[in-house]
Amino acid sequence: MVTLKMLAKQCGVSVATVSKALNGAPDISAETAARIQKAAAEMGYTPCAAARSLKTSRSHNLGVIFSDGTKSGLTHEHFAYILNSFKRRAEELHYDITLISDHPGPWGSDYAGHVRFRNCDGVAVLVADNAAPTAQELVRSGVPVVSVDYHFDNCSCIESDNVSGIRELVEYVYSQGHRKIAIIFGDDNAVTRIRMSSFFNTCARLGLTIPEEYICHCRYHSGSASAEATRKLMELPEPPSCILYPDDFSFFGGKRELEAMGLSIPEDVSAAGYDGISVGKVVSLTTVQQNTDAIGVAVAEELARAVEEGRGYLPRTQVIPCSLIPGATVRKL
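In this report, we go over the structure that sits alongside the text. (Residues numbered from 1 in each chain as written. Predicted model: local features only at pLDDT ≥ 70, side-chain atom pairs only at ≥ 80, totals over all residues. Heavy atoms only, no water.)

**Quick word on helix 5 (residues 77–92)**
With 16 residues, helix 5 should cover 22 Å at 1.5 Å per step; its first-to-last C-alpha distance of 23 Å lies within 8% of that length. Every buried residue belonging to helix 5 is among His 78, Phe 79, Ile 82, Leu 83, Ser 85, Phe 86 and Ala 90, and all of these are buried. In a view along the axis of helix 5, the buried residues occupy a sector of 165 degrees, so they form one face of it. The secondary structure elements touched by the buried residues of helix 5 are strand 1 (61–65), strand 2 (96–100), strand 3 (122–125), strand 10 (287–290) and helix 12 (292–309). Two residues or fewer after helix 5 comes His 94, characterised by a positive phi angle close to 70 degrees. (Helix = DSSP H or I, 4+ residues; strand = E, 2+ residues; numbered from the N terminus. Expected span 1.5 Å × (residues − 1). Buried < 20%, exposed > 50% of the residue type's maximum accessible area, 1.4 Å probe, protein only. Arc of directions from axis to C-beta. Contact = heavy atoms within 4.5 Å.)

Pasting the structure below:
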């Protein structure tokens, strides 16, 4: 294994000079730094992460808490895209990532213990409501935390603009002539409450009165639950002309149920989703596109800032815009 001492001997400089050159110190000339870096590449030098961690008290390792109520894990397309862009940006910032769980192990049975065991510099909480109760101890531990959509005390949050997303979707459906608009909402959490408030606010502004029977609940990302809610809506004496689903995946459960009932989209009833996952493009689904790439990048950059600024870090909330994607599943009346 090539060491700093071997590099220093090869280049005819001190070990301290080699260290400064490899770490981008400003008091080393560009020519010397380039010569040392070239020699390091030719000799196959790899910095020792353990030694660097001991010297800097930082591991350059970011933890990720990724837990959702549907237990979809990495198959949940929306959050998988966020995680992918987070990973890419974190690696560009010279961080590794570790998935953190609260399953029992050598670290104990909570997130805080796992984070300490893995020596993470900071933690990204990508699906927070389900993790919130057990993540509170982690937040209180002082480890930098950045979450998606869920607000912890004294931690930064990156959130999608769910208020404008629902508003634009309802306005679009209204502009297509629909007045009997039903909504199937997801689990009771921060995101759902914001979306529902925006839905009722927009409907009131448009002069729409939504009957209670047009408001249904199902779990996010559940085809069977959305199918049941869809049948309930379409069996009403006066069914809706358009159904808003809590996410694109749920739309497909509703679509299957409508087909089983001998109904079609958008001829018999219009429909729209939320998230903008790739499979929705196959059927030209009307939906709200969440900018998963921007969310993941923002989480990585904010977490890196929290780690690097230390006690001087000031948490903040960043709101990432959404985009309405009109499609063939909403018919103009």
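**What to know about the nonpolar core**
In terms of nonpolar packing, the biggest core is built from 38 residues, with Ile 184, Phe 199 and Leu 244 touching the most fellow members. Secondary-structure elements contributing two or more residues to this core are helix 8 (162–175), strand 6 (181–185), helix 9 (190–205), strand 7 (215–217), helix 10 (223–234), strand 8 (242–244), helix 11 (248–260) and strand 9 (270–272). Setting aside residues no more than four positions away along its own chain, Phe 199 makes contact with Ile 166, Val 170, Ile 181, Ile 183, Ile 210 and Leu 244. Within the second largest apolar cluster, 23 residues are counted, among which are Phe 66, Ile 295, Ala 304 and Val 307. (Core = buried A, V, L, I, M, F, W, Y, C linked by side-chain atoms within 4.5 Å.)

**What about the sheet that holds strand 7?**
One open sheet holds the four strands; their spatial order is 7-6-8-9, and the pairing between them is parallel. Both edges of this open sheet fall to strand 7 and strand 9, since each of them pairs with a single strand only. Within this sheet the neighbouring strands show an average axis-to-axis angle of 20 degrees, counted without direction. As defined by bridge partners, strand 6 adjoins strand 7 across three bridges and the pair is classed as parallel. (Pairing = 2+ DSSP bridges. Axes fitted to C-alpha atoms, helices over the stretch in contact; angles between N-to-C directions.)

**Remarks on unusual backbone geometry**
Glycine aside, residues mostly have negative phi, and peptide bonds are mostly found in the trans state. With an omega of 5 degrees, the peptide bond between Ile 265 and Pro 266 qualifies as cis. Take Pro 266: it is sitting in the loop between helix 11 and strand 9. A positive phi is found at His 221, a non-glycine position, where the angle reads about 60 degrees. Tracing the chain through its elements places His 221 in the loop between strand 7 and helix 10.

**A look at the packing of aromatic side chains**
On inspection of all chains with the given rule, the structure shows five aromatic pairs. When the centroid spacing of 6.4 Å and the interplanar angle of 65 degrees are considered together, the rings of Phe 66 and Phe 79 count as edge-to-face. Of the two residues, Phe 66 sits in the loop between strand 1 and helix 5 while Phe 79 sits in helix 5, which places them 13 residues apart along the sequence. When its relative accessible area of 16% is taken as the criterion, Phe 66 is described as buried. Assessed through its relative accessible area of 15%, Phe 79 is described here as buried. Consider the rings of Phe 199 and Phe 200, whose centres lie 5.3 Å apart with planes at 70 degrees: the pair is edge-to-face. Members of the aromatic cluster, each reached through a chain of ring pairs, are Tyr 245, Phe 251 and Phe 252. (Phe/Tyr/Trp six-rings, centres within 6.5 Å; stacked < 30°, edge-to-face > 60°.)

**Considering the pattern of salt bridges**
Taken as a whole and assessed by the stated rule, the structure comprises 14 salt bridges. For Lys 87, the salt bridge goes to Glu 91, with nearest N and O atoms at 2.8 Å. In this pair, Lys 87 and Glu 91 are both assigned in helix 5, four residues apart and thus about one turn of the helix distant. Exposure remark for Lys 87: the relative accessible area of 36% places this residue in the partly exposed category. Across the pair Arg 305 and Glu 302 runs a salt bridge whose closest N-O atoms are separated by 2.6 Å. Note that Arg 305 and Glu 302 are positioned in helix 12 at a spacing of three residues, about one turn of the helix. When its relative accessible area of 1% is taken as the criterion, Glu 302 is described as buried. Put simply, Glu 302, Arg 305, Glu 309 and Arg 316 are held in one network by salt bridges that share partners. (Salt bridge = Lys/Arg side-chain N within 4 Å of Asp/Glu carboxyl O.)

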